[in-house]
Amino acid sequence: MSVALIRPVIAVALATALTGCLFQDRIESFAGPAQGSTYSVKYVKSRGVPDKVELQRETDAILEQIDRELSTYRSDSAIERFNEMAANSCQSMPASIFELLEVSRQLSAQSDGAFDPTLEPLLNLWGFGPRAKGEGVPSDEAIAEARALTGLDHFRRDGEQLCKDGPAQLEFNGIAAGYSVDRVSERLKSLGVTSYLVEITGELKAEGRKPDGSAWRIGVEEPRDDQRVAQRVIELDGYGISTSGDYRNYFERDGQRYSHTLDPRTGAPIAHTLAAVTVADRSTLLADGLSTLLMVLGPERGFDFAAENSIPSFFVIREGGGFVTKSTEAFDELFGAGGNQ
């Protein structure tokens, strides 16, 4: 009697064990081109998660949609069609542009104008924009003319339309990658992925644990233009990371270095000793915008701004022939004062 009762229980337990052996959580990955660079996705393939082909198809679809809406390097994008319009014109725009415009207004207001998505005329003038005519140092008069075309006050929303009162232009290249990371991450989660590391053109976000229980670990790069070296390694779970720096996209004239990061308040490249700044935030979009903002503010004002607003930030500053680093209290609380080496 007892044997008959126990046997089905053993069979069920054995079947469960065998089923578990047939499917074990494992790390899978895929990658591709994105926004003039590349993207990569690593994730834990667990029960119920779609196969890699479907996940990559969903990721590519999101990136293609963002490209159609936000790319300043294709003439048929929504933002470029808007940029080509004459003064006092309006155009229906996708939700992404209104979302990024609102975030840009907030970042600009918080920093007294250190963040500005209307700098395309200046970027082109200095040789860093999509319509640049070669690198060079423009005259003060040319800078003043280009600056007259910038500023968020040129734009207003009218229902689902965006309007401009002059020949002003928008470009969200300073936050588009962070926005893309968040969009892809959200889609993966909606498809059942609970552990992932998403990287798009250098901006990234990670959440969850690997099958062995360890965290996703990423390296914060040393600001060198000759090779990639991890200066600090940190563990991520639910945070996005963005690094802005002047060490890759720049030109030199007469011994002076001109960075692609422009100060909206002067119309010229930044000219201070901050080489790079890394920001963490649960929103990769905000991390992306804040890292650009802090890079403009520089090593002193930028650090004070980050500390005052409890922004987890890691600063790399040129000093002599090398670099010194410092981090905000919020960064040390999140990742440890010494980092995970």
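Notes on the structure in this doc start here. (Residues numbered from 1 in each chain as written. Predicted model: local features only at pLDDT ≥ 70, side-chain atom pairs only at ≥ 80, totals over all residues. Heavy atoms only, no water.)

1. Considerations on the overall build of the chain
Part 1: The number of helices and strands found in the chain is 10 helices and 17 strands.
Part 2: Of all 341 residues assigned to the chain, the portion counted as buried reaches 48%.
Part 3: Long-range contacts, defined here as pairs at least 24 residues apart, represent 61% of the contacts in the chain between residues at least 6 apart.
Part 4: Total accessible area on the chain stands at roughly 16,200 Å², and carbon and sulfur atoms take up 49% of it. (Helix = DSSP H or I, 4+ residues; strand = E, 2+ residues; numbered from the N terminus. Buried < 20%, exposed > 50% of the residue type's maximum accessible area, 1.4 Å probe, protein only. Contact = heavy atoms within 4.5 Å. Areas by Shrake-Rupley, 256 points an atom, 1.4 Å probe, with all protein chains shown as cover.)

2. Digging into the sheet that holds strand β4 (residues 155–158)
Part 1: The antiparallel open sheet is built from three strands, whose spatial order is β3-β5-β4. Edge strands, defined here as strands with exactly one partner in the open sheet, are β3 (89–92) and β4. Neighbour to neighbour, the strand axes of the sheet diverge by 25 degrees on average, direction disregarded.
Part 2: As defined by bridge partners, β3 adjoins strand β5 (residues 161–164) across four bridges and the pair is classed as antiparallel. Within β5, the residue paired with C90 across the bridge is C163.
Part 3: Packed on one face of the sheet, helix α4 (residues 95–110) meets β4 and β5 and runs near 50 degrees to β5. (Pairing = 2+ DSSP bridges. Axes fitted to C-alpha atoms, helices over the stretch in contact; angles between N-to-C directions.)

3. Side note on helix α9 (residues 301–308)
Part 1: If you check which residues of α9 are buried, you get G302, F303, F305 and A306. End-on view of α9: buried residues confined to an arc of 160 degrees, all on one side of the axis. (Arc of directions from axis to C-beta.)

4. Points about the nonpolar core
Part 1: By size, the foremost hydrophobic cluster in this structure holds 59 residues, and its most contacted members are L162 and F172.
Part 2: If near-sequence neighbours (up to four positions away) are discounted, F172 is found in contact with L70, I79, I97, L100, L101, S104 and P117.
Part 3: Judged by nonpolar contacts, the second largest core, of 17 residues, contains V44, L204, I234 and Y239. (Core = buried A, V, L, I, M, F, W, Y, C linked by side-chain atoms within 4.5 Å.)

5. Observations concerning the packing of helix α8 (residues 284–297) against α9
Part 1: Look at α8 against α9: their axes get within 7 Å of each other, and the N-to-C directions meet at 140 degrees. With respect to α9, the element α8 is oriented oblique. Only R301, G302, F305 and A306 of α9 make contact with α8, whose side of the interface consists of L290, L293, L294 and L297.
Part 2: Each residue belonging to the contact of α8 with α9 can be placed in one class, and the counts come to six nonpolar, one polar and one charged. (Parallel < 35°, antiparallel > 145°, perpendicular 65-115°, else oblique. Nonpolar A, V, L, I, M, F, W, Y, C, P; charged D, E, K, R; others polar.)

6. Description of unusual backbone geometry
Working note: non-glycine residues mostly have negative phi, and peptide bonds are mostly trans.
Part 1: Despite not being glycine, D112 shows a phi value in the positive range, around 55 degrees.
Part 2: Among the structural elements, D112 can be located in the loop between α4 and α5 (120–126).
Part 3: Given a relative accessible area of 65%, D112 falls into the exposed group.
Part 4: One non-glycine residue, S310, lies in the positive phi region at around 55 degrees.
Part 5: Assignment of secondary structure puts S310 in the loop between α9 and β16 (313–319).
Part 6: On the accessibility criterion, S310 (54% relative accessible area) is exposed.

7. Some remarks on the sheet that holds strand β1 (residues 26–34)
Part 1: If you trace the eight strands from one edge of the open sheet to the other, you get β1-β2-β6-β7-β10-β15-β16-β17, paired in antiparallel fashion. Only two strands of the sheet have a single neighbouring strand rather than two, namely β1 and β17 (322–327). Strand-to-strand twist of the sheet, defined as the mean angle between neighbouring strand axes without regard to direction, takes the value 15 degrees.
Part 2: In this structure, β1 lies alongside strand β2 (residues 37–45), joined through nine bridges in antiparallel fashion. Across the sheet, the residue bridging to S29 is K42, located in β2.
Part 3: Packed on one face of the sheet, α8 meets β7 (203–207), β10 (239–245), β15 (274–281) and β16 and runs near 155 degrees to β15.

8. Some remarks on the packing of aromatic side chains
Part 1: Taken as a whole and judged by the stated rule, the model has six aromatic pairs.
Part 2: Put simply, the rings of F30, Y39 and Y43 touch in pairs and so form one group of aromatic residues.
Part 3: R157 extends its terminal NZ or CZ atom over the ring of F98, reaching a point 3.8 Å from the ring centre.
Part 4: For K326, the ring lying beneath its charged end belongs to F303, and the centroid distance is 4.3 Å. (Phe/Tyr/Trp six-rings, centres within 6.5 Å; stacked < 30°, edge-to-face > 60°. Lys NZ or Arg CZ within 6 Å of the ring centre and 35° of its normal.)

9. Notes on the side chain of E69
Part 1: Looking at the secondary structure, you find E69 in helix α2 (residues 52–70).
Part 2: Among buried Asp, Glu, Lys and Arg side chains, E69 stands out as unpaired, with R183 the closest opposite charge at 4.9 Å.
Part 3: When residues no more than four places from it in sequence are discounted, the contact partners of E69 are S77, A78, I79, P94, S96 and I97. (Lys, Arg positive; Asp, Glu negative; His and termini not counted. Salt bridge = Lys/Arg side-chain N within 4 Å of Asp/Glu carboxyl O.)

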